[in-house]
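Breakdown of the fold
The chain contents come next:
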Amino acid sequence: MFAAISGTAGVVKLYRASNFFYRKGWHWLSQLFYLLNYFLHSVKLPASCKIGSGTNLAHNGFGSLFHQKTIIGKNCYIGCMVLIGGRGKHGFNVVIGNNVLIGARSVILGNVKVNDYSVVAAGSVVLKDVPSFAVVAGNPAKAVKTITKENFSDYFFKRPIPNTLE
Ligand SMILES: CC(C)(COP(=O)(O)OP(=O)(O)OC[C@H]1O[C@@H](n2cnc3c(N)ncnc32)[C@H](O)[C@@H]1OP(=O)(O)O)[C@@H](O)C(=O)NCCC(=O)NCCS
């Protein structure tokens, strides 16, 4: 069992277990798996978050903290020490699409959508929506590059080029 939870996707396996029991209403068991993630990987990933299949957290999500209503799509890659949280009067409604890459130490706050096939550079502070096929960087994060057919594989390696990319 220890090998299963300490492997590369251990954080996601523990989250899946905690999310499963959360949906069943077995909150004490859900909390147990949440706490295992916290103590083993120093990540706060609440059971109530929604995370799509194929999404992974680098270094088992080390140092990352996610708001309890965070929604993350499929096949995303999230670097370590990422913070997804509220922004005071702006509230919280962060939705990460599918195939999004989020660099280490990024901060995503408030009411924003990070759309499919976008890249958030390491250390960015995202306060506004990120369009599809954009690379954003800085504080506050701004578009620094557009993802095209030519440079798609620089970011998404062996993934097939999507039909939606002009
Ligand atoms: C964004 C990233 C993918 C690089 O993309 P890229 O297309 O090769 O970007 P470039 O290096 O050509 O840089 C483009 C511009 O963005 C800027 N930029 C790139 N990364 C940046 C960052 N993290 N923060 C601020 N600006 C950044 C560059 O300075 C450059 O600006 P300029 O045009 O004014 O010179 C990369 O910098 C990055 O942040 N990767 C994430 C790594 C990571 O977190 N791994 C996970 C470890 S757990």
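First, a word on scope: everything that follows refers to the structure included in this document. Everything numeric here is computed off the predicted structure, so don't read it as measured data.

Let's talk about the site of the ligand
- Taken together, 15 residues lie near the ligand, and Gly79, Gly103, Ala104, Ala121 and Ala137 sit nearest.
- When its residues are assigned to classes, the shell around the ligand shows nine nonpolar, five polar and one charged.

Notes on the sheet that holds strand 12 (residues 125-126)
- Read from one edge to the other, the open sheet built from four strands follows the order 3-6-9-12, with strand pairing classed as parallel. At either margin of the open sheet sits one strand with a lone partner, and together these are strand 3 (65-66) and strand 12.
- By the bridge criterion, two bridges tie strand 3 to strand 6 (residues 83-85) in an arrangement that is parallel. When the sheet's bridge partners are listed, Leu65 is paired in strand 6 with Leu83.

What to know about unusual backbone geometry
- A cis amide bond links Asn139 to the next residue, Pro140, at an omega of -5°.
- Considering the arrangement of structural elements, one finds Pro140 in the loop between strand 13 (134-137) and strand 14 (142-146).
- At Ser42, a position not held by glycine, the phi torsion is positive, near 50°.
- Relative to the helices and strands, Ser42 is located in the loop between helix 3 (27-41) and strand 1 (50-51).
- A positive phi angle, near 55°, is found at Asn99, a position not held by glycine.
- Following the sequence through the fold, Asn99 ends up in the loop between strand 7 (95-96) and strand 8 (101-102).

Procedures and definitions
- Residues numbered from 1 in each chain as written.
- Predicted model: local features only at pLDDT ≥ 70, side-chain atom pairs only at ≥ 80, totals over all residues.
- Near = placed C-beta within 6 Å.
- Nonpolar A, V, L, I, M, F, W, Y, C, P; charged D, E, K, R; others polar.
- Pairing = 2+ DSSP bridges.
- Helix = DSSP H or I, 4+ residues; strand = E, 2+ residues; numbered from the N terminus.

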